[in-house]
Amino acid sequence: DTRPVSRTNKVIGVLGMLRDTKKTDELVAIEEQAAESGYYVLNVEHCRKLFRHKPNVLLELPVDGLIFTNSVLTPEIAQSLNQNQVPFVAVNRVSDPPDIHWVDYDHQKAHQQILTHLLDLGHRRMAYVAFRPRLEEHDLRIRQAHREVLEPLGLLDSFTYVTDADMTEYDTRYGEYGQQIYGMEKASYLMRLNPRPTAVIVCGQEAAHGFCIQAQSMGLTIPADVSVVAKGNRQHKMETEAFLTMIGGGVGLKAKRAVDILLKVINSPNIPPVQQLIDMDVVIRRSTGPSPDKERGQVNPPSSSLGSSSNR
């Protein structure tokens, strides 16, 4: 029977929200958007292993459709939901399977924009710091963006592309200071290289602050000795941050778009896959500046443009 399954619960299920106050703004955005169409939201606090090994458990939820955040969706879950005609949307870019509905920020484009900006400032030794990604294909895309900008210029350095730790382990070990400590550890490593990077992109605002703290404790000045960029996705943090140059996007924007897509799929189950990338913001602040090499007249930066950005 290929007829659409009738769903009249007027409830959207959300998976991937962790027990963390930082997720509140994303959930609120989903609830507000759903309420406009008369839907409630069921936030499912879960065990990743449970849904990975027993995806049919999701079929028991009294929902009309599901939104997957934080890379929770797996091919096995997608197959189970498709076979049982449960509408769903991923709030991250997914290519396996290739025909599902998703929305995500254009991380590749933003990464290339900030690298180009740093090149314009004269930087030639640029590092990247992140936790090991839960979604492998996301890491592959960022690596590709990194390589496409730097390799043609002969500036690609595998020793300064660092993704060597699991975020959950640090959060478990150090609690609310886990990300900051990771940033401090990576500063200790990178700033002892010879030659050391003159600019670093750090995923996570807390990790970027940790990087700055450690670099300064080593006698370095930001941005005179090293420029630091934070990459995040918390709009309110981008707006309240006073020092860090940041790449990010409003969590609410992506989450609300996911609700719009899901409701469209619920009402029209056979529509073609809706897959959308949203531009990220690049906000330039005091943590980035000219390369110390440029200040000494040793670099002639290539002519390029940052694209969409702002100064605060």
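Here's what I pulled together on the structure shown here. (Residues numbered from 1 in each chain as written. Predicted model: local features only at pLDDT ≥ 70, side-chain atom pairs only at ≥ 80, totals over all residues. Heavy atoms only, no water.)

### Regarding unusual backbone geometry
In plain terms, the rule: Here a strand is any run of E in DSSP of at least two residues, a helix any run of H or I of at least four, and the numbering for each starts at the N terminus.
Following Asp 96, the chain continues into Pro 97 via a peptide bond in cis, with omega recorded as 0°. With an omega dihedral of 5°, the bond running from Ile 222 to Pro 223 counts as a cis peptide bond. Phi at Asn 70 takes a positive value of approximately 55°, unusual for a residue other than glycine. Along the chain, the position of Asn 70 falls in the loop between β3 (65-68) and α3 (75-83). Positive phi outside glycine occurs at Ser 71, with the angle close to 60°. Residue position: Ser 71 is located in the loop between β3 and α3.

### Digging into the nonpolar core
Counted only if it meets this: As used here, the term nonpolar core means buried Ala, Val, Leu, Ile, Met, Phe, Trp, Tyr and Cys residues forming a set that is joined through side-chain atoms within 4.5 Å. Using a 1.4 Å probe on the protein chains alone, a residue whose accessible area is under 20% of its type maximum counts as buried, one over 50% counts as exposed, and one in between counts as partly exposed. We call two residues in contact whenever any of their non-hydrogen atoms come within 4.5 Å of each other.
Ranked by size, the top nonpolar core spans 44 residues in total, and within it Ile 12 and Ile 67 carry the most contacts. Here this core takes 8 residues from helix α10 (residues 251-267), the largest share from any one element. Beyond its immediate stretch of four places on either side in the chain, Ile 67 contacts Ile 12, Gly 13, Val 14, Leu 15, Ile 30, Val 89, Val 91, Ala 258, Val 259 and Leu 262.

### Notes on the packing of helix α7 (residues 178-190) against helix α8 (residues 205-217)
Going by this rule: Every angle, taken between N-to-C directions, lies between 0 and 180 degrees, and every axis is a line fitted to C-alpha atoms, over only the stretch in contact when it is a helix. Each angle gets one of four labels, with under 35 degrees taken as roughly parallel, over 145 as roughly antiparallel, 65 to 115 as roughly perpendicular, and the rest as oblique. A crossing counts as left-handed when the near helix is turned anticlockwise from the far one by less than a right angle, and as right-handed when that turn is clockwise.
Look at α7 against α8: their axes get within 6 Å of each other, and the N-to-C directions meet at 45°. By the angle between their directions, the pair α7 and α8 is classed as oblique. Here α7 and α8 pass one another in a crossing that is right-handed. Of the residues in α8, those touching α7 at Gln 179, Gln 180, Gly 183, Met 184, Lys 186, Ala 187, Ser 188 and Leu 190 are Glu 206, Ala 207, Gly 210, Phe 211, Ile 213, Gln 214 and Ala 215.

Geometric values such as these leave the question of function open.
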